[in-house]
Structure formats: C-alpha cells, structure tokens
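Here's the letter readout for the chains.
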Amino acid sequence: MKLTIVYDNTTTDSNLIAHWGFSCFIKYKGKNILFDTGGNGRFLIHNLKHLNISPESMDHIVVSHPHFDHIGGLSEVLNENKGNAKLHLPMNFRGVKFDNEIFYYDSPAEIEKGIYVSGEIDNIEQALAIKTRKGLAMIVGCSHPGIKPFIDTLNRFGNIHTIIGGFHNFNDFEMLKDLTKICPTHCTKNADEIIKRFPEKIIKGGVGRIFEVI
Ligand SMILES: [Zn+2]
Ligand SMILES: [Zn+2]
C-alpha cells in the first residue's frame, strides 16, 4: 500500500499548498482511494495535479466526517471524478449529490477486498483500514470519538499496526506502544509528545509525503 498525503497543515515542498485540513491518497492492489478532501477544493486539486494524481482515477472516495476541513474539496473532486468512484460516507453526512453509488455506514464493512470502514461512531466519524501483509493500517480524519473506538471496531478485520491521520486530543500514549508506525497529521494536539515518545515509529506528515506501508 502506497500512501501520499495530499492535504495537511504543513509541507516542505514549496510547489504544494499547506492549509488547515486533511486528505490522503492511497494506492492499493491497483485501486485508487481518496480519503477526505481537505478544506479547500482549489488547493486540493492544485496539490493532486502537482503530485500527478488524477481525481478522475479514483475508485473509492471515503469521507471520515462532515467537518469543513475534511469535505471542503469534495464537490470539486466529485466534479472531476465524473462518477467513476464509489462514495463512502458516514451516516450523518446527508445531502451529497453524485453520479454514482453513495454508501452510508453505521457499522463496520468491507468496501472492497482488504479495504474496510469502521462505520460512523459517536454520530460523527468513521475510519478507514487497509489490509497489509502485517495486519491493518488505519487511516483517521480527526478522531473526534477518540482513537480507541476505531481500533476496537476495526480490529475484527486484523491487528492494527499503523495509524495515519489526526489524533485530536489523544493522550493515552501507552496505547501506541505496540504499533509499528505512526503518522500524526493535521488535528493532532499532542503530536510533539507522540513524536518524543516514539521517535522510531514516526512517519512525518505534511503535504507531499509519500510512503509505503507493508
Ligand atoms: Zn473534525
Ligand atoms: Zn480536522
């Protein structure tokens, strides 16, 4: 599984735009998945173009939760996608118009072989998980319900070894000790503390960051 961060609060590449929000692109077994869409459609499309990622090529678009910094680019991406993708939304996110199927989740589901959603938790948010050789990599938006409910829901599909995304106010640091990799991004209040405690596990976030998860 190859992951590219396409929207985040920071970047080290001056050709890319850093802005409040989160989105990442995942390439997995020939499938293209976009998780969340950042806070601004123009910035998102700019970053995708510079990273040679075509919105039209998405097979799946997954939204974690309907806060502006995660859905700001959704209408632009859906326009450019031309109905090629399946759209996977948490239960509470209504009113989206799209030329292809829209799926709503209130419980965990496999959306394609090896690709899972937690379904909406605490009436707000869902997480994504991808099966790799070692277990599951979990991708989260803001983690408003906390990290633990997502782990407790998704671990029925495999052991979670990597977490990528926003940890919100997470401070139960001991919980992370068994993970292989951690990539804290946008919306991680205690990112410095996580990095200090687990330097060997950290994958740095930021727009333009590309890494493989095995
Ligand atoms: Zn949020
Ligand atoms: Zn956020």
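Here the structure is shown first, and the text comes after it.
**Q** For this particular structure, what's the right way to read the packing of helix H1 (residues 41–50) against helix H3 (residues 74–81)?
**A** Helix-helix packing is described using two parameters, namely the angle between the two axes and the distance between the axes. Closest axis-to-axis distance for the H1/H3 pair is 7 Å, and the angle between their directions is 50°. Our classification of the angle between H1 and H3 gives oblique. On the side of H1, the interface is formed by Gly-41, Leu-44 and Ile-45, while H3 contributes Ser-75, Glu-76, Val-77 and Glu-80. Residue classes in the contact of H1 with H3 are distributed as 3 nonpolar, 2 polar and 2 charged.

**Q** Looking at this structure, how should I read the sheet that holds strand E12 (residues 181–184)?
**A** Strand pairing in a sheet takes place through backbone hydrogen bonds and is either antiparallel or parallel in direction. The 6 strands are arranged E7-E8-E9-E10-E11-E12 in an open sheet whose pairing can be described as mixed. In this open sheet, the two strands that pair with only one neighbour each are strand E7 (109–112) and E12. The average undirected angle you get between the axes of adjacent strands in this sheet is 25°. Inspection of the sheet shows strand E11 (residues 160–165) paired to E12 by 4 bridges, in the parallel sense. Residue pairing for E12: Thr-162 is matched across the bridge by Lys-181. Sheet strands touched by helix H4 (residues 147–154): strand E8 (115–117), strand E9 (128–132), strand E10 (135–140) and E11. Its angle to E10, the strand with the most contacts, is close to 145°.

**Q** Mind showing me how you'd approach the sheet that holds strand E4 (residues 60–62) here?
**A** The strand order across the open sheet built from 7 strands is E6-E5-E4-E3-E2-E1-E13, with neighbouring strands paired in mixed fashion. In the strand order of this sheet, the two ends are held by strand E6 (102–105) and strand E13 (210–212), each with one partner. Shown here is a sheet whose adjacent strand axes are inclined to one another by a mean of 20°, direction ignored. In the sheet, strand E1 (residues 2–7) pairs with E13 via 3 bridges, with the strands oriented antiparallel. Residue pairing across strands places Leu-3 opposite Phe-211, the latter belonging to E13. Helix-sheet contacts for H1 involve E1 and strand E2 (23–28), and the interaxial angle to E1 is about 140°.

Reading the values: rules and limits
Residues numbered from 1 in each chain as written. Chains lettered and ligands numbered in written order. Predicted model: local features only at pLDDT ≥ 70, side-chain atom pairs only at ≥ 80, totals over all residues. Axes fitted to C-alpha atoms, helices over the stretch in contact; angles between N-to-C directions. Helix = DSSP H or I, 4+ residues; strand = E, 2+ residues; numbered from the N terminus. Parallel < 35°, antiparallel > 145°, perpendicular 65-115°, else oblique. Contact = placed C-beta atoms within 7 Å. Nonpolar A, V, L, I, M, F, W, Y, C, P; charged D, E, K, R; others polar. Pairing = 2+ DSSP bridges.

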